[in-house]
Amino acid sequence: MKRISLTRYLVEQQRANDSIPSQLRLLLEVVARACKSISQAVNKGDLGGVLGVAHTENVQGEVQKQLDIIANEVLIEANEWGGHLAAMASEEMDTIHIVPNRYPQGEYLLLFDPLDGSSNIDVNVSIGTIFSVLKKPEGSRGVTEEDFLQSGAQQVAAGYCVYGPQTTLVLTVGQGVAMFTLDREQGSFVLTKEHVQVPPDTKEFAINMSNMRHWDAPVKRYVDECLAGKEGPRGKDFNMRWIASMVADVHRILTRGGIFMYPWDKREPNKPGKLRLMYEANPMSWLIEQAGGAATNGHERILDIPATQLHQRVSVVLGSKNEVERVTQYHQEARANSSSH
Ligand code: P6P
């Protein structure tokens, strides 16, 4: 494969598929540059004096790490002057950030989790930035939070940047998934994989096992069958991984297959799940689907779930298609049984 830069890839995609209007290409290059800056701050670690907590809380009531706030500011500052965005939304901000009047407003909306996996920052485990791009609804004057409340199927671009042994940007604009590795000598992202495909079957599941006693029956059934291995109903042994960084777990699945689950559990019955729909589940689900995998909340396709709140949460089951379909089928069987009693 040609080792071409992100810029050349986007220009050639534009020429081939007309799927990347120049304003969207500009936006994606700005986001990539912001991820490069975040990577440098993350890589400094203690040397940069940016580890540890910031003694503030975000809208989720989670203690913020200094790097959470730094990453959020890098993305805001990088994106507000370019004229391609109308507004931004972030896990770290209560409400949307409208592009200030001193800059021209564009037609795109950018949503992001600036640094996902924060519990791993201080222990030098992979973390990442997740982003999603929507178009501002036609004809709406100004921009409001309601403009962001679109289903994941409306995304025009989605991706993440994983800050691990390599810094890798993973992106889709609806023409499949491509991966770009940061060449630190050049200071540019270089195409290292394209037409990424998730194997439809897997022997590797990812879930936080410490929550087992709180799971709903279909999830318990699925995991019990994996643990039963060769002698059990699946007739094969399974391996388990849980990095507690969605970006790292999804990157592994895009690279070698697997199933990732953060399901509803009975600890907080009114909370549909832990992960956020708009800037975690939707972008990751589109990437997985674009790579031939599947993503549901146990019952329905995540990308079809209506958005009602900016920070709404959702149950997530995503990865190798045949395994996601099995878990979803177990949920449907359980629902059918409960309604027939
Ligand atoms: P737990 C990180 O905080 C995150 O939002 C995802 O990146 C990750 O998959 C999940 O939460 C980890 O949650 O409960 O295992 O710490």
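Computed from a predicted model, the values in this text were never measured in an experiment.

Attention now goes to the packing of helix α1 (residues 6-17) against helix α2 (residues 22-44). Taken N-terminus to C-terminus, the directions of α1 and α2 make an angle of 160°; their axes are 11 Å apart at the nearest point. Relative to α2, the element α1 lies roughly antiparallel. Classified by chirality, the crossing of α2 by α1 is right-handed. The segment α1 lies against α2, with Leu6, Thr7, Leu10 and Val11 engaging Arg25, Leu28, Glu29 and Ala32. Here the residues of the contact of α1 with α2 are counted per class, giving five nonpolar, one polar and two charged.

In the region of the ligand, the neighbouring residues are Asp116, Gly117, Asn208, Trp242, Ala244, Ser245, Met246, Phe260, Tyr262, Lys274, Leu275 and Glu280. The separation between an oxygen atom of the ligand and a polar side-chain atom of Asn208 is 2.8 Å. In this structure, Lys274 approaches the ligand through a side-chain N or O atom, which is 3.0 Å from an oxygen atom. Protein contact buries 83% of the 400 Å² of open area that the ligand shows by itself. Taken together, the residues of the shell around the ligand sort by class into six nonpolar, three polar and three charged.

Pairing is mixed across the open sheet formed by eight strands, whose spatial order is β4-β3-β5-β6-β7-β8-β9-β10. Of all the strands in the sheet, the pair left with one neighbour each is β4 (97-98) and β10 (188-193). Here five bridges tie strand β3 (residues 85-90) to strand β5 (residues 108-116), and the two strands are oriented parallel to one another. Pairing of Ala87 across the sheet is with Leu109, part of β5. Of the strands in this sheet, β3, β5, β6 (127-135), β7 (157-163), β8 (167-172), β9 (177-183) and β10 touch α2, which is tilted by about 15° from β5.

A word on the domain arrangement of the protein chain. Parsing the protein chain into structural domains produces domain 1 (6-193) and domain 2 (204-340). Using C-alpha coordinates to define each centre, domain 1 is positioned 24 Å away from domain 2. In this complex, domain 1 contributes 50 residues to the contact, which on the side of domain 2 involves 30 residues. Summing the contributions of domain 1 and of domain 2, the shared interface buries around 2,900 Å²; its carbon and sulfur component is 65%. If you sort the residues of domain 1 by the area they bury against domain 2, Ile130, Leu149 and Tyr160 come out on top, with a joint share of 19%. Between Arg276 and Glu91 there is a salt bridge whose closest N-O contact spans 3.0 Å. Contributions of two or more residues to the side of domain 1 that touches domain 2 are made by β3, β5, β6, α4 (145-148), β7, β8 and β9. In the side of domain 1 that touches domain 2, the residues fall into 25 nonpolar, 18 polar and seven charged.

Thresholds, definitions, all that
- Residues numbered from 1 in each chain as written.
- Predicted model: local features only at pLDDT ≥ 70, side-chain atom pairs only at ≥ 80, totals over all residues.
- Heavy atoms only, no water.
- Axes fitted to C-alpha atoms, helices over the stretch in contact; angles between N-to-C directions.
- Helix = DSSP H or I, 4+ residues; strand = E, 2+ residues; numbered from the N terminus.
- Parallel < 35°, antiparallel > 145°, perpendicular 65-115°, else oblique.
- Left-handed = near helix turned anticlockwise from the far one by under 90°.
- Contact = heavy atoms within 4.5 Å.
- Nonpolar A, V, L, I, M, F, W, Y, C, P; charged D, E, K, R; others polar.
- Near = heavy atom within 4 Å.
- Polar contact = N/O pair within 3.5 Å; in protein donor to acceptor, adjacent residues only side chain to side chain.
- Areas by Shrake-Rupley, 256 points an atom, 1.4 Å probe, with all protein chains shown as cover.
- Pairing = 2+ DSSP bridges.
- Domains from an automatic or database assignment.
- Buried area = accessible area lost by both parts, 1.4 Å probe.
- Salt bridge = Lys/Arg side-chain N within 4 Å of Asp/Glu carboxyl O.

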